[in-house]
Amino acid sequence: MKKLMTAVLGSVALAAAPMAVSAETTHEIKLAYDADPVTLDIHEQLSGGMLQLSHMAFDPLIRWTQEFEFEPRLAESWERVDDRTMRFTLRDGVQFHSGNELTTEDVKFTFDRLKVSPDYKAIFRPFSELRVIDEHTFELVTDEPYPLVLNAATYIFPLDSEFYTGEDANGNDKAAVIKHGNSFASRNMSGTGPYQVVERQQGVKVVFERFDNYWDSESPGNVDRVVLTPIKENNTRVSALLSGGVDFIAPVPPTDLERIRRDSNTDLVTMSGTRIILFHLNQSRVEAFQDPRVRQAIAYAINQEGIAARIMKGFATPAAQMSPEGYQGHNPSLQPRYDVERAKELMAEAGYEDGFTVTMMSPNNRYVNDDKIAQAAAAMLARINIKVDLKTLPKAQYWPEYDARAADIMLIGWHADTEDSANFFEFLTMCPDADSGRGQYNAGNYCNEEIDALVEQANVETDLDKRTALLQEVEQRLYDDAAFVPLHWQDLAWAARKNVRIEPILNVMNFPYLGDLVVE
Amino acid sequence: MLAFLVQRISQAILVMFVISVISFTIQDGLGDPLQELVGMSVSDEERDALREEMGLNDPMVTQYLRFAGNALQGDLGVSYFYGEPTMDVILRHLPATLELVIAASLMIIFLSVPIGVYAAIRPKAWLSKFFMGVSTVGISIPVFLTAIVLIQLFSIGVQVTVFPADTGWGQWLNEFFSTDGGMPSYGRGDDLAHLFGTWESNFFSQTGWAHILLPAVSLASIMLPLFIRLIRAEMMEVLQSDYIRFAQAKGIAPARINFLHALKNTMLPVITVGGVQIGIMVAYTILTETVFQWPGVGLMFLEAITRSDIPLIVAYLMVVGLIFVITNTLVDLIYGLVNPTVKLTGKKA
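Throughout, residues of each chain are indexed from 1 in the direction in which the sequence is written. Each chain is given a letter, starting from A, and each ligand a number, starting from 1, according to the order in which they appear as written. Only residues with pLDDT of at least 70 get local features here, since the model is predicted, and only at 80 or more are side-chain atom pairs given and counted; chain-wide, interface and lining totals rely on the full set of residues. Only hydrogens and water are set aside; all other atoms, that is, all heavy atoms of the structure, feed into the side-chain values.

## Comments concerning the overall build of chain A
Stage number 1. Elements are defined by DSSP. Helices are runs of H or I of four residues or more, strands are runs of E of two residues or more, and each kind is numbered from the N terminus. When you go through chain A residue by residue, the secondary structure sums to 16 helices and 19 strands.
Stage number 2. Whereas a compact globule of 520 residues would reach a radius of gyration of roughly 24 Å, chain A reaches 25 Å, a difference of no more than 12%.
Stage number 3. Principal-axis analysis of the C-alpha atoms gives chain A an extent of 75 × 75 × 45 Å.
Stage number 4. A 1.4 Å probe rolled over the protein chains alone gives each residue an accessible area, and that area as a share of the maximum for its type sets the label: buried under 20%, exposed over 50%, partly exposed in between. A buried classification covers 59% of the 520 residues belonging to chain A.
Stage number 5. Accessible surface area values rest on a Shrake-Rupley calculation with a 1.4 Å probe, where residue burial reflects the displayed protein chains alone. Summed over its atoms, the accessible surface of chain A is roughly 20000 Å², and 46% of this surface lies on carbon and sulfur atoms.
Stage number 6. Charged side chains of chain A number 50 positive and 80 negative; the gap between the two group centres comes to 7 Å. We compute the radius of gyration over the C-alpha atoms and compare it with the globule rule, which gives 2.2 Å times the number of residues raised to the power 0.38. The charged-residue count follows a simple rule in which Lys and Arg add positive charge and Asp and Glu add negative charge, with His and chain termini not counted at all. Here the site of a charge means atom NZ of a Lys, CZ of an Arg, CG of an Asp or CD of a Glu.

Dropping the structure here:
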């Protein structure tokens, strides 16, 4: 059959070969993600995919390293002037793709645009203004003392103000952030980043070419051309890598980790991620959940390690809190507390030894194995006589149900946009308040004003050690109170052909710094 | 003829209307399109403002009337995700799907007719039995499985080592069952020829053919066995009929009987089924295109569903409905050519 096939297909397959050979002179890599950028306007949507694009075509003021530290990019240096002001110095001689020179005016333009972007305005709400001092110096000013100025600065990717100012052919403002529709910024871009978009067919491919006048001449990156193809189907993405059709894929589905590890032509890189998966126990729907002993019993009944090992195939880090390691609030003393006997005792103490029936909802295509996790948890709860009526839904239908708090137990995954513990509490455990937006995703309706006060205190504490202590205390108290049921942090995985050195450019934020990518 | 066309056009309009109403009423079950447009941490106020701006807060009837009014003027709305008119999006994706269907159809026509006829003329030959056996297997394997197996065999490659490698025959068998891979496993490739408008073609370069081969084979795999069996059964029935026996008795050359007299009558039902099946094949491309990341309307439609991109879903369904109406009309016209006794307007002959 091999011979027959070689005869039949050989001639066709050969046609693809010359492309691989020509990669000798100019390095080209083919990249397959599960989706391609929704738009070219990096302020239109705050999502992993858009940030990945931002790191290719733009540069942030500062960025995260693999060790969770800040690395200067377009901002050369920074210093705290007082507890509400941080002064930044901009790098000299940085050019935009259009040829314009980067100045503080561009940073101000970008900052003002972030303030009106529906997706980003929440992150920049604590900031009152960006004050221009001179062409290369500016200050970020906050209303209150604010500890996360640098975290927010990782989201400032300066836009070319001259390029985005004026009116387009239809007489619309070029700077407008338009969520859906054909805006100038969603079709054109000019940043300072290592790559320029030279061709784009939405849903088919995006072609990037290295920017000749890129400021970072010390970057080891040697890739001249990047072709990004969205391949949504997990199996196809993995096949494309194994067959040599693409050089670099992300994400790698847990079911294929072994297959890639075994393959001698590919490298696999995994990291413990920062996205927490958890259950909310709705106290306004179920009276029993108002009793901390019942919540604790549930926390004792769920076997996080078992789920991580069996359902996630080791592709997850069992969690007993929301903050992953490396975050300020991460409290190392908190460990998963699986103990069915203890759970039964607590149920008996609370007067529920005969149990009760609750409803549970989970998405089935949003997080890795989300529906299977929910099934497993339901089975675990059955052991302490809590009967679970589970319903799983596709994500598009799940979130409206979530917003309506349509079930007693609901699953959610959360990644802190600020890479900071307080973000978890603000969205997931603080008392729900429509005016301030606190507790927007708190489907447990858990409310403890003392804990909330600690979080608010941490939000204005610029002393790092004090802040760490505050946030760790919050984690401890939420744990003691079993405010929610944490499951695990979802791991991340990338895979590439052996000659593509991806390890140094990856990080837990999942923004591969492709500008620094080396291909041998 | 004119009456026939008028009748068909009015049918088409009715079909379009029904499709648009149905797809509009199911949109509530498809979820919230906003989820794909905004990040998780966007506040409820922002969401509401956006919803208002997009007209999603209006009652369903108002939304439908607005849509229908625009549709009558040829405007099928703007896709939420792509941010451009839905017809532009569909026209950009349609050529990829049509090429896939054309390639698969050619494969089916050129294989099923000779095989079907052969199996009918020589039903007892081992080759006929082999084809029938394979077609039973082919018909019962789902498209996506065929596709995954094809990718494994011809893109990634398989190394078989079950036979003892130190013996000559084992070595030979291992070699025989192993494959090299190397065929492209996704997409349309880079070497597309631009024909006109949005039509980029795979048919004019070697890489283009390499990219379309596996998807076309897997798409054809489901229909090919069906057609072989259909042609065989029809042909066998025709060969039993009196006029064939009479021709045989007259001593007309078997080739002339088989291919001129018998085949022509065999093809009548085949054309009817074929027309319907081409429409169904457009639908089947959803699976094939997903597995091969083939950037056609099937893949586009599936993604539109996961994103609740309602304008695009509605427009796609209407276009597919239109394709069905057109293919059926063409089938009826061809039918008339093959069998002159058939009258188009449905009056008794």
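## A word on the state of the cysteines
Residue and element names in this part refer to chain A.
Stage number 1. Two cysteine sulfur atoms make up a disulfide if the distance between them is within 2.5 Å. Under the criterion given, the structure shown has one disulfide over all chains.
Stage number 2. Here Cys-431 engages in a disulfide with Cys-447; their sulfurs sit 2.0 Å apart. Because the sign of the S-S torsion sets the handedness, a value of about 90 degrees for the bond joining Cys-431 and Cys-447 places this disulfide among the right-handed ones. With Cys-431 in the loop between α14 (421-428) and α15 (449-459) and Cys-447 in the loop between α14 and α15, this pair connects stretches of sequence that are 16 residues apart.
Stage number 3. When its relative accessible area of 13% is taken as the criterion, Cys-431 is described as buried.
Stage number 4. Residue Cys-447 is classed as partly exposed on the basis of its relative accessible area of 42%.

## Description of the interface of chain B and chain A
Stage number 1. Pairs of residues are marked as contacts when any of their non-hydrogen atoms sit within 4.5 Å. Taken together, the contact between chain B and chain A spans 55 residues of the former and 59 residues of the latter.
Stage number 2. Once two parts are brought into contact, the accessible area they lose, counted with a 1.4 Å probe and summed over both, makes up the buried area. Carbon and sulfur atoms make up 56% of the area that chain B and chain A hide from each other, which totals about 4800 Å².
Stage number 3. Summed over the three residues of chain B that lose the most area to chain A, namely Met-40, Ser-41 and Tyr-186 of chain B, the buried surface amounts to 15% of that side.
Stage number 4. We define a salt bridge as a side-chain nitrogen of Lys or Arg found within 4 Å of a carboxyl oxygen belonging to Asp or Glu. Our count for the chain B to chain A interface comes out at two salt bridges.
Stage number 5. Between Lys-121 of chain A and Glu-46 of chain B there is a salt bridge whose closest N-O contact spans 2.4 Å.
Stage number 6. Distance and chemistry together define a polar contact, namely a pair of N or O atoms within 3.5 Å, with one atom able to donate a hydrogen and the other to accept it when in protein, and with adjacent residues in sequence counting only for side-chain atoms on both sides. Inspection of the region where chain B meets chain A yields 12 residue pairs in polar contact (both at pLDDT 80 or more).
Stage number 7. Elements supplying a minimum of two residues to the side of chain B that touches chain A: α2 (34-37), α3 (44-53), α7 (143-156), α8 (168-177), α9 (206-240), α11 (254-292) and α12 (297-306) of chain B.

## Some points on the packing of helix α1 (residues 2-25) of chain B against helix α13 (residues 310-338) of chain B
Residue and element names in this part refer to chain B.
Stage number 1. In this description, a line fitted to the C-alpha atoms serves as the axis of each element, helices being fitted only across the stretch in contact, and the angle between N-to-C directions of two axes falls anywhere from 0 to 180 degrees. Axis separation between α1 and α13 bottoms out at 9 Å; the angle between their running directions is 155 degrees. By the angle between their directions, the pair α1 and α13 is classed as roughly antiparallel. Of the two possible hands of crossing, α1 and α13 adopt the one that is right-handed. Contacts between α1 and α13 involve Phe-4, Leu-5, Arg-8, Ala-12, Val-15, Met-16, Ile-19, Ser-20, Ser-23 and Phe-24 from the first element and Val-314, Leu-317, Met-318, Gly-321, Leu-322, Val-325, Asn-328, Thr-329, Asp-332 and Leu-333 from the second.
Stage number 2. Classifying every residue of the contact of α1 with α13 gives 13 nonpolar, five polar and two charged. When describing relative orientation, an angle under 35 degrees is termed roughly parallel and one over 145 degrees roughly antiparallel, while 65 to 115 degrees is termed roughly perpendicular and anything else oblique. Whether a crossing is left-handed or right-handed is set by the direction in which the near helix is turned from the far one by less than a right angle, anticlockwise for left-handed and clockwise for right-handed. Just so you know the grouping, Ala, Val, Leu, Ile, Met, Phe, Trp, Tyr, Cys and Pro go in nonpolar, Asp, Glu, Lys and Arg go in charged, and all remaining residues, Gly too, go in polar.

## Observations regarding the confidence of the model for chain A
Stage number 1. pLDDT is a residue-level measure of predictor confidence that goes from 0 to 100. Averaged over all residues, the pLDDT of chain A is 90; the fraction at 70 or higher stands at 95%.
Stage number 2. Contacts from residues 1-24 of chain A, a stretch scored under 50 in pLDDT, to residues over four places away or in other chains number 22 contacts.

## A closer look at the sheet that holds strand β7 (residues 137-142) of chain A
Residues and elements named next belong to chain A.
Stage number 1. Strands were regarded as paired on the criterion that DSSP finds at least two bridges between them. Taken in spatial order, the four strands make up an open sheet running β4-β5-β7-β6, and their pairing is antiparallel. At either end of the open sheet lies a strand with only one pairing partner, and these are β4 (75-82) and β6 (127-134). Between one strand and the next, the sheet's axes are offset by a mean angle of 20 degrees, whatever the strand orientation.
Stage number 2. Sheet analysis places β6 next to β7, joined by six bridges and oriented antiparallel. By the bridge assignment, Asp-134 is partnered in β7 with Thr-137.
Stage number 3. Of the strands in this sheet, β5 (85-90), β6 and β7 touch helix α4 (residues 104-116), which is tilted by about 170 degrees from β6.

## Quick word on the packing of helix α5 (residues 86-121) of chain B against α11 of chain B
All names here are of chain B.
Stage number 1. At a closest axis distance of 10 Å, the pairing of α5 and α11 adopts a crossing angle of 145 degrees. Crossing of α5 against α11: the hand is right-handed. In this structure, α5 contributes Thr-97, Leu-100, Val-101, Ala-104, Ser-105, Ile-108, Val-113, Val-117 and Ile-121 to the contact, and α11 contributes Asn-258, Phe-259, Leu-263, Met-267, Ile-278, Met-281, Val-282, Thr-285 and Glu-289.
Stage number 2. Grouping the constituent residues of the contact of α5 with α11 by class yields 13 nonpolar, four polar and one charged.

## Topic: α12 of chain B
All names here are of chain B.
Stage number 1. Where burial is concerned, most of α12 is hidden: seven out of the 10 residues are buried.
Stage number 2. Taken together, the buried positions of α12 are Val-297, Gly-298, Leu-299, Met-300, Phe-301, Glu-303 and Ala-304.
Stage number 3. Those residues of α12 hidden inside the fold are in contact with α5, α11 and α13.
Stage number 4. The first or second residue beyond α12 is Ser-308, which carries a positive phi of 50 degrees.

## A word on the pairing of strand β10 (residues 225-230) of chain A
All names here are of chain A.
Stage number 1. Among the six residues that make up β10, five are buried, leaving the element largely enclosed by the rest of the structure.
Stage number 2. For strand β1 (residues 28-33) and β10, the ladder comprises six bridges, and the chain directions are parallel. Within β10, the residue paired with Lys-30 across the bridge is Val-227.
Stage number 3. The pairing of strand β9 (residues 205-210) with β10 spans four bridges and is antiparallel. What sits directly across from Val-207, in β10, is Val-227.

## Here's the deal with the pattern of salt bridges
All names here are of chain A.
Stage number 1. Taken as a whole and judged by the stated rule, the model has 35 salt bridges over all chains.
Stage number 2. Of the charged contacts in the structure, one is a salt bridge between Asp-516 and Arg-63, with a shortest N-O distance of 2.8 Å. Here the residue Asp-516 occupies a position in the loop between β18 (500-501) and β19 (518-519), and Arg-63 occupies one in strand β2 (residues 62-64), the gap between them amounting to 453 residues. Here Asp-516 matches Arg-63 in class, with each residue buried.
Stage number 3. Here Arg-131 makes a salt bridge to Glu-139, at a shortest N to O gap of 3.0 Å.
Stage number 4. Judged by its relative accessible area of 35%, Arg-131 falls in the partly exposed class.
Stage number 5. For Glu-139, a relative accessible area of 5% puts it in the buried group.

## Details of α1 of chain B
Stage number 1. Here, expected helix span is obtained from the residue count minus one, scaled by 1.5 Å. Between its first and last C-alpha atoms α1 of chain B spans 35 Å; for 24 residues at 1.5 Å apiece the expected length is 34 Å, and the two agree.
Stage number 2. Regarding α1 of chain B, the residues found buried are Phe-4, Arg-8, Ala-12, Met-16, Ile-19, Ser-20, Ser-23 and Phe-24 of chain B.

## Quick word on unusual backbone geometry
Residues and elements named next belong to chain A.
Stage number 1. The residue after Ala-250, namely Pro-251, is reached through a cis peptide bond having omega -10 degrees.
Stage number 2. By the element assignment, Pro-251 lies in the loop between β11 (248-249) and α8 (257-262).
Stage number 3. Residue Arg-405 is not a glycine yet carries a positive backbone phi of 50 degrees.
Stage number 4. Mapped onto the fold, Arg-405 is located in the loop between α13 (395-403) and β16 (409-414).
Stage number 5. Located in the positive-phi region is Ala-482, a residue other than glycine, with phi close to 45 degrees.
Stage number 6. For Ala-482, the location among the structural elements is in the loop between α16 (464-481) and β17 (485-497).

## What to know about the nonpolar core
Stage number 1. With 152 residues, the main nonpolar core has Phe-124, Ile-298, Leu-381 and Ile-384 of chain A as its most contacted residues.
Stage number 2. Residues within four places of Leu-381 of chain A in sequence aside, it is in contact with Ile-298, Ala-301, Ile-302, Met-360, Ile-386, Val-388 and Ile-409 of chain A.
Stage number 3. For our purposes a nonpolar core is just a set of buried Ala, Val, Leu, Ile, Met, Phe, Trp, Tyr and Cys residues, chained together by side-chain atoms within 4.5 Å. Counting 34 residues, the second largest nonpolar core, distinct from the first, contains Ala-96, Ile-108, Met-132 and Trp-294 of chain B.

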